[in-house]
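# What the coordinates show
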Amino acid sequence: MIDRYSRQIIFPGIGEEGQRRLGNSCVVIIGCGALGTIIATSLVRAGVGKVKIADRDFIEYHNLQRQVLFDEDDIKNGLPKAIAAEQHLKRVNSSVEVEGIVTDVNFTNIERLITGADLILDGLDNFETRMLINDVSLKHKIPWIYGGAISSYGMTMNIIPGETPCFRCFQPAVPTSGFAPTCDTAGVISPAPFIIGSLETTEAMKILVGAKEINRQLICIDVWSGRFDRFEIAPRPGCPTCLGRYEFLEGKFGVRTSSLCGQNAVQVLNPEIERVSFKELEAHLKVVGDVSYNEFMLHFKVDGREMVIFPDGRAIVKNTADESLARGLYSKYIGA
Ligand SMILES: [Zn+2]
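The following refers to the structure shown. (Residues numbered from 1 in each chain as written. Predicted model: local features only at pLDDT ≥ 70, side-chain atom pairs only at ≥ 80, totals over all residues. Heavy atoms only, no water.)

## Section: the overall build of the protein chain
Basically, it comes down to this: A run of H or I in DSSP becomes a helix once it reaches four residues, and a run of E becomes a strand once it reaches two; helices and strands are each numbered from the N terminus. Taken over C-alpha atoms, the radius of gyration is set against a globule rule of 2.2 Å times the number of residues to the power 0.38. Here's how the labels work: a residue is buried when its accessible area is under 20% of the maximum for its type, exposed when over 50%, partly exposed in between, all with a 1.4 Å probe on protein chains only. In this analysis, two residues are considered to be in contact whenever any of their non-hydrogen atoms come within 4.5 Å of each other. To be clear on the numbers: accessible area is Shrake-Rupley with a 1.4 Å probe, and residue cover counts the displayed protein chains and nothing else.
Of regular secondary structure, the protein chain possesses twelve helices and 14 strands. In summary, the protein chain has a C-alpha radius of gyration of 20 Å against a globular reference of 20 Å for 336 residues, a match within 12%. C-alpha atoms of the protein chain, sized along the principal axes, occupy 65 × 50 × 40 Å. Across the 336 residues that make up the protein chain, the buried fraction comes to 55%. Considering only residue pairs separated by 6 or more positions, the protein chain has 66% of its internal contacts joining residues 24 or more positions apart. By element, 52% of the accessible surface of the protein chain is carried by carbon and sulfur atoms, the whole surface being about 15500 Å².

Below, the structure is given as structure tokens:
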């Protein structure tokens, strides 16, 4: 094992003690797209003891341009991202405990998900879940690393409870949908998330080994123009999260449908369902459309529409951004 990590143990910032600390650490990566796959592959290779990866999505061809852990076989095998990531990473480093969790991270499950974590890493594409991570981080005093990338640019910042300003100090509210650019509207080239994911990984290593030189600024990059900037972020007086009011965690802004960034699709949640029997659902849906399923998800096509249903009752309705249409299809075929 020492040989596996010899090149980073020689590096003075890590050393043998740092390597031991990495091995005793548990991190949770929320979102496994371009950022999440870079972070996950780097931390598993670096020998972080336990890596949990939570993601709600399945893999499509347009993901392969930048989501480094996935390949064409994963798509053919109909694997959710969290499961494909777990399978690949266990082959990379069998001494790391890797756990892929297929779920929509929301206020009902995030506290269970982060139990025992030393650090939370952001591989997300949406602000709602980031606000939730920020709440849970400050409430449980677990540091988290914000990161986002789109087009040719990206940004990252460490949020250390009690030491740095929080995410809501500089992003007080969730941007109104339609105003924030998405991968659908702005596109993305792989170096932007690769660099942001690598910066997040570096900060993660520093935080986990207890290094003193932790970044305390907002770092912004644009790989196309070659610009790198750093900004001082001040604590915002009246910031609800800093005052201990965890509005996102309390479900004040809870949603049942949401458009998914980068794929023209809508996710529908159904808190009333605990577990779906794919066998029973197939029997009832095959009368009206095409159905196929494996243990992870069920595909259903009807009237030119397509949806994917997960065992927890969650569905992703493809080829639409219309949330009421998606909700309607869900009620019609799966149940209200
Ligand atoms: Zn704050």
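## Some details on the coordination of the zinc ion
This is how the line gets drawn: Keep in mind that water is not among the atoms, so a site may look incomplete; donors are the N, O and S atoms within 2.8 Å of the metal, or 3.2 Å for Na, K and Ca. Under the classification used here, a metal with four donors is tetrahedral if each angle lies between 85 and 135 degrees, square planar if opposite donors are over 155 degrees apart and the others between 65 and 115, a six-donor metal meeting that same test is octahedral, and anything else is irregular.
Donor atoms from the polypeptide that coordinate the zinc ion comprise C166 (SG), C169 (SG), C239 (SG) and C242 (SG), at 2.3 to 2.4 Å from the metal. Coordination at the zinc ion is tetrahedral, judged from the four donor atoms that bind it and the angles of 100 to 115° they form at the metal. Here the donor residues of the zinc ion share one chain and are spaced in sequence as C-x2-C-x69-C-x2-C. Linking C166 in the loop between β6 (153-159) and α8 (167-170) with C239 in the loop between β8 (227-231) and β9 (257-260), this pair joins segments that are 73 residues apart in sequence. Grouping residues by exposure puts C166 and C239 together as buried.

## Focus on the pattern of salt bridges
Which entries qualify depends on this criterion: Put simply, a salt bridge is a Lys or Arg side-chain nitrogen that is within 4 Å of an Asp or Glu carboxyl oxygen.
In this structure the tally under the stated criterion is 15 salt bridges. Two residues, E163 and R216, come together in a salt bridge whose shortest N-O distance is 3.1 Å. One end of the pair, E163, is in the loop between β6 and α8; the other, R216, is in the loop between α10 (191-209) and β7 (218-222), with 53 residues separating them in the sequence. Residue classification places E163 among the exposed positions, given a relative accessible area of 52%. Of the residues examined, R216 reaches a relative accessible area of 38% and is grouped as partly exposed. Notably, a salt bridge pairs R168 with E247, separated by 2.8 Å at the nearest N-O pair. Pair noted here: R168 is in helix α8 and E247 is in the loop between β8 and β9, with a separation of 79 residues, a long-range link. Taking the relative accessible area as the measure of exposure, R168 reaches 7% and is therefore buried. For E247, a relative accessible area of 11% corresponds to the buried category. Here the salt bridges share partners, and the residues they tie into one network are E17, R20 and R21.

## Considering the sheet that holds β7
Within a beta sheet, neighbouring strands are joined by backbone hydrogen bonds and run either parallel or antiparallel to one another. Quick reminder of the rule: By the convention used here, strands pair only if DSSP detects at least 2 bridges between them. Think of each axis as a best-fit line through the C-alpha atoms, taken over the contacting stretch in the case of a helix, with angles from 0 to 180 degrees between the N-to-C directions.
A sheet is described by the order of its strands in space; here eight strands give the open sequence β3-β2-β1-β4-β5-β6-β7-β8, paired in mixed fashion. Two strands lie at the open edges of the sheet, namely β3 (97-102) and β8, each paired on one side alone. Across this sheet, the average inter-strand angle for adjacent strands is 15°, counted without regard to direction. Across five bridges, strand β1 (residues 26-30) lies against strand β2 (residues 50-55) in parallel orientation. Within the sheet, the bridge partner assigned to I29 lies in β2 and is I53. Its contacts with the sheet put α10 on β1, β4 (119-122), β5 (144-150), β6 and β7, and the angle it makes with β5 is roughly 170°.

## Some remarks on helix α11 (residues 278-285)
Residue pairs spaced three or four apart in an α-helix point in one direction, given the helix's 3.6 residues per turn. The test is simple: To be clear, the arc concerns the directions from the helix axis to the C-beta atoms.
Within α11, burial applies to F278, L281 and L285. Projected onto a plane normal to the axis of α11, the buried residues spread over an arc of 65° and lie on a single side. Counted as exposed and oriented over 90 degrees from the buried face of α11: K279 and E280.

## A few points about the side chain of Q19
Which entries qualify depends on this criterion: For this analysis, a polar contact is any N or O atom pair within 3.5 Å, provided that within protein one partner can donate a hydrogen and the other can accept it, and provided that sequence-adjacent residues contribute only side-chain to side-chain pairs.
Mapped onto the elements, Q19 comes out in helix α2 (residues 15-23). Overall, Q19 belongs to the buried group, its relative accessible area being 9%. Looking at Q19, its side chain comes within polar contact range of the side chain of Q8, at 2.7 Å. Looking at Q19, its side chain comes within polar contact range of the main-chain oxygen of A46, at 3.1 Å.

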